[in-house]
Amino acid sequence: MPPIRRHHRSVLVMAIAPLFVLAGSIARAATPQRSLLLVANQGDASLSLVDPATNMQIVALPEGVPKMFGHEVATSPDGHFAYLPLYSDVGVGKVGTDGNVILIVDLAQQKIADRIVFDHAVRPHCVLWEPHTGLLYVTTELDKAVTIIDPRTKKIVGSIPTGEEQSHMLVLSHDGKRGYTANVGSGTVSVLDLENRKLITRIPISTNTQRISITPDDRWVFTSDQVTPRLAVIDSRTNAIARWVDLPTPGYGGTVTRDGKLLLLTLMTGNQLAVIYLKTWKVLRTIPVGPKPQEVLVRPDGKLAYVSCEASHIVNVIDTASWKMVATINVGEKADGMAWAGN
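Remember, predicted model here, so these are calculated numbers, not experimental data.

What counts as what
Residues numbered from 1 in each chain as written. Predicted model: local features only at pLDDT ≥ 70, side-chain atom pairs only at ≥ 80, totals over all residues. Heavy atoms only, no water. Helix = DSSP H or I, 4+ residues; strand = E, 2+ residues; numbered from the N terminus. Rg over C-alpha atoms; globule rule 2.2 N^0.38 Å. Buried < 20%, exposed > 50% of the residue type's maximum accessible area, 1.4 Å probe, protein only. Pairing = 2+ DSSP bridges. Axes fitted to C-alpha atoms, helices over the stretch in contact; angles between N-to-C directions. Core = buried A, V, L, I, M, F, W, Y, C linked by side-chain atoms within 4.5 Å. Contact = heavy atoms within 4.5 Å. Phe/Tyr/Trp six-rings, centres within 6.5 Å; stacked < 30°, edge-to-face > 60°. Polar contact = N/O pair within 3.5 Å; in protein donor to acceptor, adjacent residues only side chain to side chain. Disulfide = S-S within 2.5 Å.

Draft legend 1. Main features of the overall build of the chain. Check the secondary structure of the chain and you find one helix and 29 strands. The C-alpha atoms of the chain give 22 Å as radius of gyration, which agrees with the globular expectation for 343 residues (20 Å, within 12%). Dimensions of the chain along its principal axes, counting C-alpha atoms only, are 85 × 50 × 40 Å. In the chain, which comprises 343 residues, the proportion classed as buried is 52%.

Draft legend 2. Region of the structure containing the sheet that holds strand β21 (residues 254-256). Pairing is antiparallel in the open sheet, where four strands are placed in the order β21-β22-β23-β24. For this open sheet the edge positions go to β21 and β24 (282-288), each flanked by a neighbour on one side alone. Within this sheet the neighbouring strands show an average axis-to-axis angle of 20°, counted without direction. Note: strand β23 (residues 272-277) against β24, six bridges, orientation antiparallel. What sits directly across from Ala 274, in β24, is Thr 286.

Draft legend 3. Up close: the nonpolar core. With 23 residues, the main nonpolar core has Tyr 137, Tyr 180, Val 189 and Ile 212 as its most contacted residues. In this structure Val 189 touches Tyr 180, Thr 181, Asn 183, Thr 201, Arg 202, Ile 203, Ile 205, Ile 212, Thr 223 and Ile 234, once residues within four positions along its chain are discounted. Ranked by size, the runner-up nonpolar core spans 18 residues in total, among them Leu 38, Leu 49, Val 65 and Leu 107.

Draft legend 4. Spotlight on unusual backbone geometry. Of note, Ala 45 is a non-glycine position whose phi angle comes to about 50°, a positive value. Checked against the element boundaries, Ala 45 lands in the loop between β1 (36-41) and β2 (46-51).

Draft legend 5. Representation of the environment of Ser 322 in the model. As for its placement among the helices and strands, Ser 322 is situated in the loop between β27 (314-319) and β28 (324-330). Its relative accessible area of 37% is what places Ser 322 among the partly exposed residues. Sequence separation between Ser 322 and Ser 224 is 98 residues, and the spatial gap between their C-alpha atoms is 26 Å.

Draft legend 6. Summary view of the packing of aromatic side chains. Taken as a whole, this structure holds four aromatic pairs when the rule is applied. Centroid distance Trp 220 to Trp 281: 5.4 Å. Interplanar angle 85°. Geometry classified as edge-to-face. Taken as a pair, Trp 220 in strand β18 (residues 220-225) and Trp 281 in the loop between β23 and β24 lie far apart in primary sequence, 61 residues in all. As far as the burial class goes, Trp 220 and Trp 281 line up, both buried. Relative to Trp 281, the ring of Phe 222 has its centre 6.3 Å away and its plane inclined at 55°; by these criteria the two rings are tilted. Linking Phe 222 in strand β18 with Trp 281 in the loop between β23 and β24, this pair joins segments that are 59 residues apart in sequence. For Phe 222, a relative accessible area of 1% translates into the label buried.

Draft legend 7. Inspection of the environment of Val 117 at higher detail. Among the structural elements, Val 117 can be located in strand β8 (residues 111-117). For the pair Val 117 and Gly 99, spaced 18 residues apart in sequence, the C-alpha to C-alpha distance is 9.5 Å.

Draft legend 8. Here's a closer look at the side chain of Ser 312. The residue Ser 312 is located in the loop between β26 (304-309) and β27 in this model. Judged by its relative accessible area of 12%, Ser 312 falls in the buried class. A distance of 3.0 Å separates a polar atom in the side chain of Ser 312 from the backbone oxygen of Cys 309. In terms of polar contacts, Ser 312 uses its side chain to reach the backbone amide nitrogen of Ile 314, at 3.3 Å.

Draft legend 9. Here's a closer look at the sheet that holds β28. Spatially, the four strands line up as an open sheet ordered β25-β26-β27-β28, and their pairing is antiparallel. The open sheet is flanked by β25 (293-298) and β28, the only strands paired with a single partner. Adjacent strand axes in the sheet meet at a mean angle of 25° when their direction is disregarded. Pairing geometry for β26 and β27, over six bridges, is antiparallel. Paired with Cys 309 across the two strands is Ile 314, which belongs to β27.

Draft legend 10. Looking closely at the state of the cysteines. Enumeration over the complete set of coordinates arrives at zero disulfides. With no disulfide partner, Cys 126 has as its closest neighbouring cysteine sulfur the one in Cys 309, 19 Å distant. A relative accessible area of 0% places Cys 309 in the buried class.

See the structure below:
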């Protein structure tokens, strides 16, 4: 093959260069957006987008629907969209405006992109993305149900009865087969068959219970008694309470670390985060946090935990190695539900 002359090489480079530019553009387009911490703010009806690298709020998106405030938020697995149910202008069990809207937020464009509207008032509250089916499950309190939504069509495709009032919070098993709702006023937990879309049973807990969490292996489900400071540990194999864990003050929102060893639980009236070792069922330590801590979210790499504080406009950042508070993030008023978007 004859050697390429100098001017031919230049032409070749000029021809190939746009291909590298195009390939780079495609790679950038296919690369997930930067990670975001999302915080639903009840007090000013907004959704905060936070840069976790700097612990700074990028923007607070107004929800824009009168008298319907979002409490909880979920994200799509690709990190492109957030789903924000607009519950009410009051807390659970109180008389107020009844919501019927779920906002769809485009996180890259930082705007409300669409909405899912129910044909009647349902007070939609806790929304979760189920990865096996790609469906959204959202608690709809006034229907005494969990409603199922196809996010691709933005249509309601089914529902599962909970059999109880105020089915407020929801967790899904990691195998996609079970759902569990904490029913506040009735003080029970409903166990749901996701595949057959039916109620399996209801587990009595107390006269009032709040929030719910599950271990990564789906063995244990946790909810907090709001009358006595103790945590109910439910065995998912028997759908019965296996034990109680005594707490300094009543527990609230919790999450289990990815290794399944620790439950991090907010103590709302104690303004603390409790760290519970699940091998011994004992509280290892408590960490002071902001007023009325609501939810706790652990970053995907497990190094940091975020605690939203409802009686303020802050999220505390806890180092899970030292268990010390390392930062405070300013967000909207009455910071509540949180979600992670991106890697």
